[in-house]
Amino acid sequence: QRLVAATNGSLSVFHDMLSPQSRAAHWLLEDTFFAIADAAVGDTTGNNTSSMSITDTVADNGTPSVLAFEWNETSTKLVVERYAAVVFYYALGGEMWDDQLNFLSNASICDWTKSVITRTSTRFGVMEVEHIYGIACTSSTHPQRINFGSHHEDMLTGRLPTEIGLFQEAYSFTLESQPRIRGTIPTELGNLKELYRLNLSLERLEGT
């Protein structure tokens, strides 16, 4: 319920076990970065809950999975952003990406990224430029740049999830040379109040 409330979502999205949201919630409960999932399975009354589905676990805030984690404003935001990043991964075919960019690792999502150096010869010598792909946190612990540029051409496939609107500190969002992304631009993109650089060079993406 906390995750649903924090994301302004609906519990119904977790009913489909194959949805990106349900898969992300499953992954989050097993994630060791926040130690959300308790090693001991059972509720406060001693009843075994090991057979509970992800819907039951998310819906019941009295389970060990929730009790093991201290929710506050800061931690909730970090969890929500991590959840959004995992939804992004599953919604856009992440399991088939040629370059996994450290996604779904137990590191901070600020490290779900890759640095690529390009070198260009000029009349003044060789010029090196660093390109950061994936999710980058430049001056804070929250995602500020999401970049899937030409270096990862034609790697993403699927529909942009509404959860991209949960990266509220992002100021740069780039998806270019990704012709297999289809559907409409989520209106939740408007939640990114800090956004000033937007590049959606996508042939099959439509406005809302």
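Everything below is about the structure shown above.
Read on for an overview of the structure.

### Here we look at the overall build of the protein chain
- Across its full length, the protein chain holds five helices and eight strands.
- The helix and strand sequence of the protein chain, counted from the amino end, reads α-α-α-α-α-β-β-β-β-β-β-β-β.
- Sorting the 208 residues of the protein chain into buried and exposed places 44% on the buried side.
- Counting only contacts in the protein chain whose residues sit at least 6 apart along the sequence, the fraction spanning at least 24 positions is 58%.
- Surface summary for the protein chain: the accessible area is close to 10,900 Å², and the carbon and sulfur share equals 47%.

### Concerning the environment of P20
- Looking at the element boundaries, P20 is found in helix α2 (residues 20-30).
- A relative accessible area of 23% means that P20 is categorised as partly exposed.
- In this structure, P20 is in contact with V87, Y90 and A91, ignoring residues within four places of it in sequence.

### Remarks on the packing of aromatic side chains
- Across all of its chains, the model carries ten aromatic pairs by this definition.
- Through a chain of ring-to-ring contacts, the aromatic side chains of W27, F88, Y89, Y90, W97, F103, W112 and F148 assemble into a single cluster.

### Quick notes on helix α5 (residues 73-91)
- Between its first and last C-alpha, α5 extends 27 Å over 19 residues, near the 27 Å set by a 1.5 Å rise per residue.
- Taking burial as the measure, the 19 residues of α5 include 15 buried ones, the bulk of the element.
- Two residues or fewer past α5, G93 is found with a positive phi of approximately 65°.

### Focus on the sheet that holds strand β5 (residues 172-176)
- Here five strands make up an open sheet; going across it, the order is β1-β2-β3-β5-β7 and the pairing mixed. The two strands at the open ends of the sheet, each matched to only one other strand, are β1 (113-122) and β7 (197-201). Put simply, the sheet's adjacent strands are angled 30° from each other on average, direction ignored.
- Looking at chain direction, strand β2 (residues 125-136) and strand β3 (residues 145-148) are connected through three bridges and run antiparallel. Across the sheet, G134 pairs through a bridge with N147, a residue of β3.

### Some details on the state of the cysteines
- For the structure shown, the criterion picks out one disulfide.
- C110 shares a disulfide with C137; S-S distance 2.1 Å. Given an S-S torsion of about -90°, the disulfide between C110 and C137 has left-handed geometry. Placement of C110 in the loop between α5 and β1 and of C137 in the loop between β2 and β3 is noted, with a sequence separation of 27 residues between them.

### Let's talk about the pattern of salt bridges
- Scanning all chains against the criterion turns up five salt bridges.
- Two residues, D31 and R82, come together in a salt bridge whose shortest N-O distance is 2.5 Å. Taken as a pair, D31 in the loop between α2 and α3 (54-59) and R82 in helix α5 lie far apart in primary sequence, 51 residues in all.
- Between K77 and E169 there is a salt bridge, and its shortest N-O distance comes to 2.6 Å.

### What to know about the packing of α2 against α5
- In contact at an axis separation of 8 Å, α2 and α5 are set at 130° when each is read in the N-to-C sense. One element, α2, and the other, α5, form an angle in the oblique class. The way α2 lies across α5 gives a crossing that is right-handed. Counted together, P20, Q21, R23, A24, A25, W27 and L28 of α2 and V79, R82, Y83, V86, V87, Y90 and A91 of α5 form the full contact between these two elements.
- When grouped by side-chain class, the residues that make up the contact of α2 with α5 number eleven nonpolar, one polar and two charged.

Parameters at a glance
- Residues numbered from 1 in each chain as written.
- Predicted model: local features only at pLDDT ≥ 70, side-chain atom pairs only at ≥ 80, totals over all residues.
- Heavy atoms only, no water.
- Helix = DSSP H or I, 4+ residues; strand = E, 2+ residues; numbered from the N terminus.
- Buried < 20%, exposed > 50% of the residue type's maximum accessible area, 1.4 Å probe, protein only.
- Contact = heavy atoms within 4.5 Å.
- Areas by Shrake-Rupley, 256 points an atom, 1.4 Å probe, with all protein chains shown as cover.
- Phe/Tyr/Trp six-rings, centres within 6.5 Å; stacked < 30°, edge-to-face > 60°.
- Expected span 1.5 Å × (residues − 1).
- Pairing = 2+ DSSP bridges.
- Axes fitted to C-alpha atoms, helices over the stretch in contact; angles between N-to-C directions.
- Disulfide = S-S within 2.5 Å.
- Salt bridge = Lys/Arg side-chain N within 4 Å of Asp/Glu carboxyl O.
- Parallel < 35°, antiparallel > 145°, perpendicular 65-115°, else oblique.
- Left-handed = near helix turned anticlockwise from the far one by under 90°.
- Nonpolar A, V, L, I, M, F, W, Y, C, P; charged D, E, K, R; others polar.

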